[in-house]
Amino acid sequence: MTTVEQPVEPTERSLPRIEFTDAEAGAKVFPDSTARNYNYFVPQKRKQTHYEDVTVEVQPDPRHYLAQGWIYGFADGQGGYPLEWTALKAWGSDRPVPERFPGSGGKGYDWPALGWHEFRDPNEEWELTFYKYNSNVVRQITANVDAARQTKAFEQWNPNWVQFVESHVGAWMHVEHGLGLYVFANAQRRCPTNMHNNAVSVNSMHRIRTAQDLALYNLTLTEEIEGFDGTAHVEAWNSDPAWQGVRKVAEQLTCVDDWAEAIFAVNVVFEPLVGELFRSHLVQQAAPRNGDFVTPTVMGAGEHDYATRDLRYTTAMFELLTNDKEFADHNKDLMGQWLSVWVPRCLEAARAMQPLWSQPDHKPPRFEDGLDHCKSRFTGILNDLGLDTPKELAL
């Protein structure tokens, strides 16, 4: 006789009962609980922008509302973002950090607490705009290079121009990589507000992306042009006399400890006198004359980064300081000292590149004409900042 096994009833588990305590995010109702805008800062214009919502005071400041002081610091006792990391000053910089104690309410100075917080990037850069802009640039460069490959456009290049590109266009990637990684990436960590951080870090990534564009372009040319030496740029950067002045200045820039001086020296002095001279007045002028209509699109992307975006935020940032209501004279004097140091160095580097103008078969416009144009552009930038043209420019 068989027995039928009876099903076992599942044991009932005891689970804690869910209770809503109204402690979850968004549960509490208060006067501004439905507001769509932040009210801990005053917008620059009548209506605050999305850029301001995601940027302003994301990096806190104990002078305004960070009641507990810096939540981290360094071994020497300095807190998160010391204002002393640059010799430039904005109004309110000399005011002491408010003392907080029981019963004080933790209130700091009224917004904006000090002049650094008045800066707004005219490009309104933040994470979304960075990805959208750079993905479009890379997409366009990739399409241009692919089209050139499919149509055998590289076969139209003059043989002498092939050697110029492999040595000298390739050498410029060292400049972009060095300044992007060791100047701007370092400077952005030292800036006093998140508005500065965003603008300078995007500048850093523009540089690094341009270096990558040139490196990938170099690999493409190695595959497409028979005999193209993809390593020639290393020898040019290390040994060619025409590049040693640029290399010297680039390495000196990586040693600047003052974050504002580093940005000023690159974007106000080096770029107009050296960067634009090489990119706009040599490569982009000589390339089409030697059958190359592709390289200008790659170099032109980096030129566009500087001319329309990086210089734009730089002008806004330093113009605010040269017109500061408390430290304008101090800042102008200091920038004048920086000009007296970096202008001679950059002019020396620019003149060392002069032999490159004679290398292509079909020559670009004269070196002196290009340099004069760059000096005029540099003078215009200084005028925008309210700075005097240094006497060293005449050297």
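Rules used throughout
Residues numbered from 1 in each chain as written. Predicted model: local features only at pLDDT ≥ 70, side-chain atom pairs only at ≥ 80, totals over all residues. Heavy atoms only, no water. Helix = DSSP H or I, 4+ residues; strand = E, 2+ residues; numbered from the N terminus. Rg over C-alpha atoms; globule rule 2.2 N^0.38 Å. Buried < 20%, exposed > 50% of the residue type's maximum accessible area, 1.4 Å probe, protein only. Contact = heavy atoms within 4.5 Å. Lys, Arg positive; Asp, Glu negative; His and termini not counted. Charge placed at Lys NZ, Arg CZ, Asp CG, Glu CD. Expected span 1.5 Å × (residues − 1). Bend = angle between axes of the 7 residues up to and from the residue. Patch = residues over 30% accessible without salt bridge, like charges linked within 9 Å, V, L, I, M, F, W, Y side chains within 5 Å. Areas by Shrake-Rupley, 256 points an atom, 1.4 Å probe, with all protein chains shown as cover. Salt bridge = Lys/Arg side-chain N within 4 Å of Asp/Glu carboxyl O. Phe/Tyr/Trp six-rings, centres within 6.5 Å; stacked < 30°, edge-to-face > 60°. Lys NZ or Arg CZ within 6 Å of the ring centre and 35° of its normal. Axes fitted to C-alpha atoms, helices over the stretch in contact; angles between N-to-C directions. Parallel < 35°, antiparallel > 145°, perpendicular 65-115°, else oblique. Left-handed = near helix turned anticlockwise from the far one by under 90°. Nonpolar A, V, L, I, M, F, W, Y, C, P; charged D, E, K, R; others polar.

Visitor: How should I be thinking about the overall build of the protein chain in this particular structure?
Guide: Broken down by element type, the protein chain carries 10 helices and 0 strands. Here the protein chain has a C-alpha radius of gyration of 28 Å; the compact-globule value for 395 residues is 21 Å, and the former is much larger. Projected onto its principal axes, the C-alpha coordinates of the protein chain cover approximately 95 × 90 × 45 Å. Burial status across the protein chain gives 50% buried among its 395 residues. Partitioning the contacts of the protein chain with sequence separation of at least 6, the portion at a separation of at least 24 is 78%. Each charge class in the protein chain was averaged separately, 36 positive and 55 negative side chains, and the resulting centres sit 4 Å apart.

Visitor: Explain helix H3 (residues 159-190) to me, please; I cannot follow it from the model alone.
Guide: Two residues of an α-helix separated by three or four positions point the same way, owing to the 3.6 residues in each turn. The end-to-end C-alpha separation of H3 is 47 Å, in line with the 46 Å expected for 32 residues at 1.5 Å each. In H3, a bend of some 35° at Val 165 exceeds every other bend along the element.

Visitor: Sorry if this is basic, but what is going on with a nonpolar patch on the surface here?
Guide: Together, Tyr 38, Tyr 40 and Tyr 65 give the surface a local cluster of nonpolar side chains, amounting to about 290 Å² of exposed area. With respect to the helices, strands and loops of the structure, Tyr 65 is situated in the loop between helix H1 (50-55) and helix H2 (127-150). Of the residues examined, Tyr 65 reaches a relative accessible area of 36% and is grouped as partly exposed.

Visitor: Would you mind going over the packing of aromatic side chains with me for this structure?
Guide: Each aromatic ring pair is specified by the distance between its two centres and by the angle formed by the two planes. Counted under the stated rule, the structure contains 13 aromatic pairs. Taking 5.2 Å as the distance between ring centres and 70° as the angle between the ring planes, the aromatic pair formed by Trp 243 and Phe 278 counts as edge-to-face. You can see Trp 243 sitting in helix H6 (residues 241-253) and its partner Phe 278 sitting in helix H7 (residues 259-289), a full 35 residues away along the chain. For the pair shown, Trp 243 and Phe 278 are each scored as buried. Arranged with centres 5.0 Å apart and planes meeting at 85°, the rings of Trp 357 and Phe 367 form a pair that is edge-to-face. A residue pair is termed long-range when its members are at least 10 positions apart, and Trp 357 in the loop between helix H9 (328-352) and helix H10 (367-385) and Phe 367 in helix H10 qualify at 10 residues. Owing to a relative accessible area of 4%, Phe 367 belongs among the buried residues under this scheme. By way of ring pairs, the aromatic residues Trp 172, Trp 237, Trp 243, Phe 270 and Phe 278 are connected into one cluster. A cation over an aromatic ring shows up here: Lys 325 above the ring of Trp 91, its NZ or CZ 4.1 Å from the ring centre.

Visitor: Hey, could you run me through the side chain of Ser 167 in this one?
Guide: In this fold, Ser 167 is placed in helix H3. Ser 167 gets classed as buried once you look at its relative accessible area, which sits at 15%. Contact partners of Ser 167, with chain neighbours within four places excluded, come to Ala 232, His 233 and Ala 236.

Visitor: I would appreciate a short explanation of the packing of H7 against helix H8 (residues 295-322) in the present structure.
Guide: Geometry of a packed helix pair, given as the angle between the helix axes and the separation of the axes. At a minimum axis distance of 10 Å, the contact between H7 and H8 shows a crossing angle of 150°. Here H7 lies roughly antiparallel to H8, going by the angle between them. By crossing handedness, the relation of H7 to H8 is classed as left-handed. The residue inventory of the contact of H7 with H8, partitioned by class, reads 18 nonpolar, 6 polar and 5 charged.

Visitor: Any chance you could explain unusual backbone geometry here in plain terms?
Guide: The general pattern is negative phi for most residues beyond glycine and trans for most peptide bonds. Cis geometry marks the peptide bond from Trp 111 to Pro 112, where omega comes out at 5°. Here Pro 112 is to be found in the loop between H1 and H2. Its identity is not glycine, yet Ala 113 carries a phi of approximately 75°, on the positive side. With respect to the secondary-structure elements, Ala 113 resides in the loop between H1 and H2. Even without being a glycine, Glu 124 presents a positive backbone phi close to 50°. Tracing the chain through its elements places Glu 124 in the loop between H1 and H2.

Visitor: I would appreciate a short explanation of the pattern of salt bridges in the present structure.
Guide: Tallied over the full model, the rule gives 18 salt bridges. A salt bridge links Arg 351 to Glu 368, with the shortest nitrogen-to-oxygen separation between them at 3.1 Å. Residue Arg 351 is located in helix H9, and its partner Glu 368 is located in helix H10; the two are separated by 17 residues in the primary sequence. Under the relative-accessibility criterion, Arg 351 is labelled partly exposed at 32%. Through salt bridges with shared partners, a single network forms among Glu 176, Arg 207, Glu 271, Arg 279 and Glu 303.

Visitor: Where do I start with the packing of H7 against H9 in this structure?
Guide: Orientation of H7 relative to H9, taken along the N-to-C sense of each, is 30°, at an axis distance of 10 Å. Here H9 runs roughly parallel to H7, going by the angle between their axes. By crossing handedness, the relation of H7 to H9 is classed as right-handed. Along the contact surface, H7 presents Ala 260, Glu 261, Phe 264, Ala 265, Val 269, Phe 270, Leu 273, Val 274 and Leu 277, while H9 presents Met 335, Trp 338, Leu 339, Trp 342, Val 343, Cys 346, Leu 347, Ala 349 and Ala 350. The residue inventory of the contact of H7 with H9, partitioned by class, reads 17 nonpolar, no polar and 1 charged.

Any link to function would need more than the numbers given here.
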